[in-house]
Amino acid sequence: MSDLLRLKHLEHVADYEEGDKLIIKVQSRNPVPERQCCLFATMIKNGRKLGQRYRDEPIRRQTVRIEIDRQRYKCSACGKTGIYEALPDIDIRHDMTKKLLVRIQKDAVEWPFSHAAKINGVEAKQVERIFQDHADKVLKGYLPKLPRVLSMDEKVIRKKARFIIGDIENSAMLDMQMSRRKIDLNEYFSLLPGRDDVEVICQDMWSTYRELNKGLFKNATVVIDKYHVQRTANKGVEAVRRLFQQDVSKAERIHLKNKQSVFLARWGTAKPRTINQLNALFTYFPTLKRVYECKESYYEIYDAASKYEANEMMNQWLVDLPKDLHRPFKPARDALNNWRPWILNYWDHPYTNAYAESLNNLIGRMNMQGVGYSPETLRAKALLKHGVFGKTQWGEWVHIGREGSVPMVWDVGLGVPLSTLEADLEAGTF
């Protein structure tokens, strides 16, 4: 039995079954107090705490409890009690052997928490707590290595936008932060090395990102993501469709219902069935044809061969937009009027956050598959299971108040490849 236990400091005394559990009675090979009290004082034995139990790895799928009568000591100098026999093989915080703790840590990274709990004979909540403690320790010094082309995006998880950065050229998620407030992002990025090496930043039209990048990424060119720009025209189409739907007959309203995806389809790439649906809708509702054509001409701006041509097409679109459509297409007009220089940078640096759409879908699936996972757990699980890490580096000296200045250790992260993350989700092992 001692070989099965694999406990260096504890030895088998007896064992018996209690229901479906196997109870293994053990004792210390060399019992000593867990700590000294007064200097040069002797620790006197002071009774035992009987029947203390700790979880251990299942044996042949049977739940195992380690039981020990733990020696209690009293200080001969001051009479203080409450000092117990040291248990180096036991993790007191989690009430289990350290070898079981290590096994659960590994299984919690590799498998869903429910599966890790089942194979180790513990509760899923306990697996989650152990994973979080492990993740906090391992990822404490994690800082992603900033790429040449940086993506900034967000994903709404639990009704709050979470900030995500990625490496566009390598299709990798670098990190996820729980907040996208300027003060939080400024603090986060100020710790990251290599900001001056970032050449291009692809972002959406959120002013906080623009202000942040201007102050922290002085050598980078900001490019507004193509698809975020084009989607502003989609909002115009959807706004008109909804208003139009309110003023038609019941039969026409039923005909228009659930046609959002049809109106958002591109004419040049739509399937024949979609083209037929659009033609039928335009026959019944000529007004919607005009709205759809405005959306299509907005998309066509990105077919321009040069920055100059794109700028001219933007001017022409604003001139040609009918006045009665100014209000529904306000997001599209604001994009061209307020963000044009950064939108036009696309023709110098044709990068998009298209990979981020795949990432957002993956995070959505992670969120559904990992029922009950917090955003912090989603981040930690992705990084620990699929993260690619570089060598540890010494960073700059960081001031930490009364403790003075200490060198910060950077565990350089190279990101989570989306392909491996997707394979994990397909296999149902996240």
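Residues numbered from 1 in each chain as written. Predicted model: local features only at pLDDT ≥ 70, side-chain atom pairs only at ≥ 80, totals over all residues. Heavy atoms only, no water.

Describing the overall build of the protein chain
Spelled out, the test is: Helix and strand definitions here come from DSSP, where helices need a minimum of 4 consecutive H or I residues and strands a minimum of 2 consecutive E residues; each element is numbered from the N-terminal end. C-alpha atoms define the radius of gyration in this analysis, and the globule rule sets the expected value at 2.2 Å times the number of residues to the power 0.38. Categorising residues by exposure relies on relative accessible area from a 1.4 Å probe, with only protein chains included: less than 20% of the type maximum marks a residue as buried, more than 50% marks it as exposed, and the intermediate range marks it as partly exposed. A 1.4 Å probe and the Shrake-Rupley method give the accessible areas. Residues count as covered only by the protein chains that appear here. Under the convention used here, Asp and Glu are negative, Lys and Arg are positive, and both His and the chain ends fall outside the count. Charge placement uses NZ in Lys and CZ in Arg. For Asp and Glu, CG and CD serve respectively.
Within the protein chain, the secondary structure is distributed over 17 helices and 15 strands. Computed over the C-alpha atoms, the radius of gyration of the protein chain is 31 Å, more than 25% above the 22 Å expected from 2.2 N^0.38 for a compact globule of 430 residues. Once the C-alpha set of the protein chain is aligned to its principal axes, its extents read approximately 95 × 55 × 35 Å. Here the protein chain holds 430 residues, and 46% of them are scored as buried. Only carbon and sulfur atoms are counted for the fraction: they give 50% of the accessible area of the protein chain, which is about 22900 Å². Distance from the positive charge centre (69 side chains) to the negative charge centre (55 side chains) of the protein chain: 4 Å.

Some thoughts on the environment of Thr429
You can see Thr429 is positioned in the segment after helix 17 (418-427). In sequence terms Thr429 and His115 are 314 residues apart; their C-alpha atoms lie 9.0 Å from each other.

Topic: the packing of helix 12 (residues 307-320) against helix 13 (residues 330-338)
Note the following rule: Here an axis means a line fitted to C-alpha atoms, over the contact stretch when the element is a helix, while the angle between two N-to-C directions is reported on a 0 to 180 degree scale. When an angle is under 35 degrees it counts as roughly parallel; over 145 it counts as roughly antiparallel; between 65 and 115 it counts as roughly perpendicular; any other value is oblique. Should the near helix be turned anticlockwise from the far one by less than a right angle, the crossing is left-handed, and should it be turned clockwise, the crossing is right-handed. Between two residues, a contact is recorded if the distance between any of their heavy atoms is within 4.5 Å. Amino acid classes used here: Ala, Val, Leu, Ile, Met, Phe, Trp, Tyr, Cys and Pro are nonpolar; Asp, Glu, Lys and Arg are charged; the rest, including Gly, are polar.
The N-to-C vectors of helix 12 and helix 13 enclose an angle of 140°; their axes lie 11 Å apart at closest approach. Taken together, helix 12 and helix 13 sit at an angle that is classed as oblique. In this structure, helix 12 meets helix 13 at a crossing whose hand is left-handed. From helix 12, Met314, Trp317 and Leu318 reach across to helix 13, where they touch Ala332, Arg333, Leu336 and Asn337. Considered class by class, the residues forming the contact of helix 12 with helix 13 number 5 nonpolar, 1 polar and 1 charged.

Comments concerning the pattern of salt bridges
Stated precisely, the cut-off is as follows: Salt bridges are identified by distance alone: a Lys or Arg side-chain nitrogen within 4 Å of an Asp or Glu carboxyl oxygen.
Enumeration according to the criterion identifies 28 salt bridges in this entry. The shortest N-O distance in the salt bridge between Lys99 and Glu57 comes to 3.2 Å. Taken together, the residues span a long stretch of sequence, with Lys99 in helix 2 (residues 98-110) and Glu57 in strand 3 (residues 43-59) at a distance of 42 residues. Its salt-bridge partner being Arg180, residue Glu154 comes within 3.2 Å of it at the nearest N-O pair. With Glu154 in strand 9 (residues 149-157) and Arg180 in the loop between strand 11 (172-177) and helix 5 (182-190), the pair connects residues that are 26 residues apart, well separated along the chain. Connected through salt bridges with shared partners, the residues Glu18, Lys25, Arg53, Glu67 and Asp69 form a single ionic network.

Here we look at helix 16 (residues 375-386)
Heads up, the condition is: By this rule, a helix spans an expected 1.5 Å times one less than how many residues it contains.
Helix length check: helix 16, at 12 residues, gives a terminal C-alpha distance of 16 Å against a target of 16 Å (1.5 Å per residue), a fit within 8%. With 11 of its 12 residues buried, helix 16 lies for the most part within the structure. Within the span of helix 16, buried status applies to Pro375, Thr377, Leu378, Arg379, Ala380, Lys381, Ala382, Leu383, Leu384, Lys385 and His386.

Description of the pairing of strand 12 (residues 200-203)
As a reminder, the rule being used: In this description, strands pair whenever DSSP reports at least two bridges between them.
Both faces of strand 12 are covered, namely the face carrying Val200 and Cys202 and the face carrying Ile201 and Gln203. Bridge count between strand 9 and strand 12: 3 bridges; the pairing is parallel. Bridged to Val149 within strand 12 is Val200. Sheet analysis places strand 12 next to strand 13 (residues 221-224), joined by 4 bridges and oriented parallel. Bridge assignment links Cys202 to a residue of strand 13, and that residue is Val223.

Examining the packing of aromatic side chains
Selection rule: A pair of aromatic rings is counted whenever rings of Phe, Tyr or Trp (Trp by its six-membered ring) have centres within 6.5 Å, and the orientation is called stacked for planes under 30 degrees apart, edge-to-face for over 60 and tilted otherwise. Geometrically, a lysine NZ or arginine CZ counts as sitting over a ring once it is within 6 Å of the ring centre and also within 35 degrees of the ring normal.
Enumeration over the complete set of coordinates arrives at 17 aromatic pairs. Relative to Trp317, the ring of Tyr298 has its centre 4.7 Å away and its plane inclined at 65°; by these criteria the two rings are edge-to-face. Note that Tyr298 is positioned in helix 11 (residues 286-299) and Trp317 in helix 12, a separation of 19 residues in sequence. The pair Tyr298 / Trp317 is uniform in exposure class, with both members buried. The rings of Phe163, Tyr188, Phe189, Trp206, Tyr209 and Phe217 are connected pair by pair, giving a single aromatic cluster. Over the ring of Tyr299 we find Lys295; its NZ or CZ atom is 5.4 Å from the centre of that ring.

Let's talk about helix 5
Keep this limit in mind: Throughout, the arc means that of the directions going from the helix axis to the C-beta atoms.
Of the positions making up helix 5, those classed as buried are Leu185, Tyr188 and Phe189. Buried residues of helix 5, viewed axially, fall in a sector of 90°; they line one side. Projecting away from the buried face of helix 5 at angles above 90 degrees are the exposed residues Ile183 and Glu187. Considering only its buried residues, helix 5 is in contact with strand 8 (142-144), strand 9, strand 10 (160-167), strand 11 and helix 6 (207-216).

A look at the side chain of Glu67
Our working rule: Any N or O atom pair separated by 3.5 Å or less is treated as a polar contact, with the protein-specific requirement of one donor-capable and one acceptor-capable atom, and with residues adjacent in sequence counted only for side-chain atom pairs.
Note on placement: Glu67 falls in strand 4 (residues 62-75). Of note is the side chain of Glu67, whose polar atom sits 3.1 Å from the side chain of Lys25. Within the structure, the side chain of Glu67 is placed 2.8 Å from the side chain of Arg53, a separation counted as a polar contact. When residues no more than four places from it in sequence are discounted, the contact partners of Glu67 are Tyr16, Ile23, Ile24, Lys25, Val26, Gly51, Gln52 and Arg53.

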